[in-house]
Each structure stands twice: as structure tokens, then as C-alpha cells.
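Examination of the molecular architecture
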Amino acid sequence: AASPAPDALQPLLATINERLSFADQVALTKWDSGKPIQDTAREAQVIANARKQAAQQKLDPEQAADLIAAQIEANKLVQYGLLAIWQAAHKAPDVPRPDLNQIRPKLDALQARLLQQYADFTPYRVDPECPNWLAEQRASLIKDALHGQALIRATGELCVTDQ
Ligand SMILES: O=C(O)C(=O)C[C@]1(C(=O)O)C=C[C@@H](O)C=C1
């Protein structure tokens with residue numbers, strides 16, 4: 001029988017999903033401000049933080065950077081998708097939203113946990129069952145097509161299928 005998913009996977013996916021869920025709030029601030037979704041300087045800062053944090057967590061800085069880069073790509077995928085929907089509708093949801101400078105510290109705050117959980121899962125990335133575990137556990141987190149695609153993007157490099 002196939003081996004069950006390691007305990008390290010579920011918390012990692014929960015944190016990946018938590019980070020992704022901030023994309024909706026970020027997109028609303030960008031709708032309001034008209035600022036571009038892409039903020040290259042901020043991305044460089046987030047990734048530089050990941051490299052620094054990796055050193056403290058027995059994690060290869062390049063792998064930490066790659067993981068966070070995938071999270072940023074997934075975040076933008078949600079934002080572009082939502083902005084396109086709101087543009088077509090000429091309106092965005094009328095819900096209260098924090099400022100971008102209140103959301104960014106929340107993204108920063110979960111990053112150490114995300115990297116720790118990634119470090120804990122690292123030995124299982126090469127397991128031949130990894131893609132099956134991922135497919136199974138992702139399914140329960142998907143709330144709609146857009147966020148589903150983004151979660152697929154966010155976790156697209158978690159399993160190492162050849163080397
Ligand atoms: O902070 C922002 O402005 C975001 O849109 C969030 C985020 C991220 O995922 O960290 C994504 C896209 C930007 O290019 C920079 C950072």
C-alpha cells in the first residue's frame with residue numbers, strides 16, 4: 001500500500017493557504033489605490049528576508065528563496081484574477097479592508113513559520129508518493145477555481161519528481 005502523507009505536510013499547506021488568503025485583501029488595496037500589483041522592490045525584500053531566515057533554520061537559502069518566490073507568484077495570480085473580475089464588473093466588493101502597510105507585516109509574520117514547516121517537510125519532497133499526498137491534501141483547501149489554480153502554483157515545486 002502507498003505510504004500515508006507525513007504529518008509535516010498538512011501544517012505546511014495550511015500556512016501556504018493562509019498566505020494566499022491575504023491576496024484578496026491586498027488586491028482590494030490595489031483596486032482602491034490604483035497601484036500596480038507588481039512591486040518588484042517589495043518582492044526583492046521579501047525574498048531577501050527568506051534567505052536570511054533560512055540560515056537560522058538549516059534550510060538552503062536558494063530553496064527558501066524559491067519557495068517564497070512561488071508564494072509571491074501564486075499571490076499575484078489571485079490578485080490579477082480578482083482585479084480582472086472587478087474591472088469587468090466595474091466594482092469590487094464593498095468590504096472593509098486594512099491598508100497595504102498593515103497587511104505586509106502579516107505576510108512577514110507568517111514567513112518564519114512557513115520556512116520552518118518547509119524545512120520539516122524537506123526530507124519528504126523526493127518521496128515518490130509526494131505528488132499523491134499533495135493532490136489529496138490540496139483538494140480539501142480549494143475554495144474556488146481561481147484560488148485552486150493559485151494553490152497549485154504555490155505548491156508546484158514542493159515535490160521533487162526527478163533530479
Ligand atoms: O505587497 C504587495 O504589494 C503584494 O502584492 C504582495 C506580494 C507578495 O506576495 O508578497 C505580491 C506581489 C508584489 O509584487 C509584492 C509582494
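Summary of the structure given here. All chains use their own residue numbering, which begins from 1 and follows the written sequence. Per-residue local features are limited, in this predicted model, to residues with pLDDT of at least 70; the limit for side-chain atom pairs, both in listing and counting, is 80 or more; totals at the level of whole chains, interfaces and linings are taken over all residues. Excluding hydrogens and water, the side-chain figures rest on all heavy atoms present in the structure.

**Structural notes on the environment of Ser3**
Strands are runs of DSSP state E lasting at least two residues, helices are runs of H or I lasting at least four, and both sets are numbered from the N terminus onward. Tracing the chain through its elements places Ser3 in the segment before α1 (9-33). To sort residues, take the accessible area from a 1.4 Å probe on protein chains only and compare it with the maximum for the residue type: under 20% means buried, over 50% means exposed, and anything in between is partly exposed. Taking the relative accessible area as the measure of exposure, Ser3 reaches 34% and is therefore partly exposed. In the structure, Ser3 is positioned 98 residues away from Asn101 in sequence and 43 Å away in space, judged by C-alpha atoms. Leaving out residues up to four positions away in the same chain, Ser3 has contacts with Asp127, Glu129 and Trp133. We call two residues contacting when some pair of their heavy atoms lies within 4.5 Å.

**Some thoughts on the state of the cysteines**
By convention in this document, the label disulfide applies to cysteine sulfur atom pairs within 2.5 Å. The full count for this structure, using the stated rule, is one disulfide. Two residues share a disulfide in this structure: Cys130 and Cys159, whose sulfurs sit 2.0 Å from each other. When the S-S torsion is -75°, as for the bridge of Cys130 with Cys159, the disulfide is left-handed. With a gap of 29 residues between them, Cys130 in helix α5 (residues 130-139) and Cys159 in the segment after α6 (145-154) connect regions that are remote in the sequence. Using a relative accessible area of 1% as the deciding quantity, one classes Cys130 as buried. Overall, the relative accessible area of 13% leaves Cys159 in the buried class.

**Points about the nonpolar core**
Take the buried residues of types Ala, Val, Leu, Ile, Met, Phe, Trp, Tyr and Cys, join any two whose side-chain atoms come within 4.5 Å, and each joined set is a nonpolar core. The biggest cluster of nonpolar side chains holds 40 residues, and the ones touching the most others in it are Ile16, Ile68 and Leu158. Secondary structure elements with two or more residues in this core: α1, α2 (40-55), α3 (61-89), α4 (100-121), α5 and α6. The biggest single contributor to this core is α3, with 10 residues. If sequence neighbours within four positions are ignored, Ile16 has contacts with Gln71, Leu114, Leu151, Ala154, Thr155 and Leu158.

**Quick look at the packing of α1 against α4**
Axis definition: a line fit to C-alpha positions, over the contact stretch in the case of helices; interaxial angles, taken between N-to-C directions, run 0 to 180 degrees. Orientation of α1 relative to α4, taken along the N-to-C sense of each, is 160°, at an axis distance of 9 Å. In terms of their interaxial angle, α1 and α4 are classed as roughly antiparallel. The interaxial crossing formed by α1 with α4 has left-handed handedness. Between α1 and α4, the contacting residues are Leu9, Pro11, Leu12, Thr15, Ile16, Glu18, Arg19, Phe22, Gln25, Val26, Thr29 and Lys30 on the first element and Leu100, Ile103, Lys106, Leu107, Leu110, Arg113, Leu114, Gln117, Tyr118 and Phe121 on the second. Nonpolar residues are Ala, Val, Leu, Ile, Met, Phe, Trp, Tyr, Cys and Pro. Charged residues are Asp, Glu, Lys and Arg, and all others, Gly as well, are polar. A breakdown of the residues in the contact of α1 with α4 according to their chemical character gives 13 nonpolar, four polar and five charged. When an angle is under 35 degrees it counts as roughly parallel; over 145 it counts as roughly antiparallel; between 65 and 115 it counts as roughly perpendicular; any other value is oblique. Each crossing gets its hand from how the near helix is turned against the far one by less than a right angle, where anticlockwise is left-handed and clockwise is right-handed.

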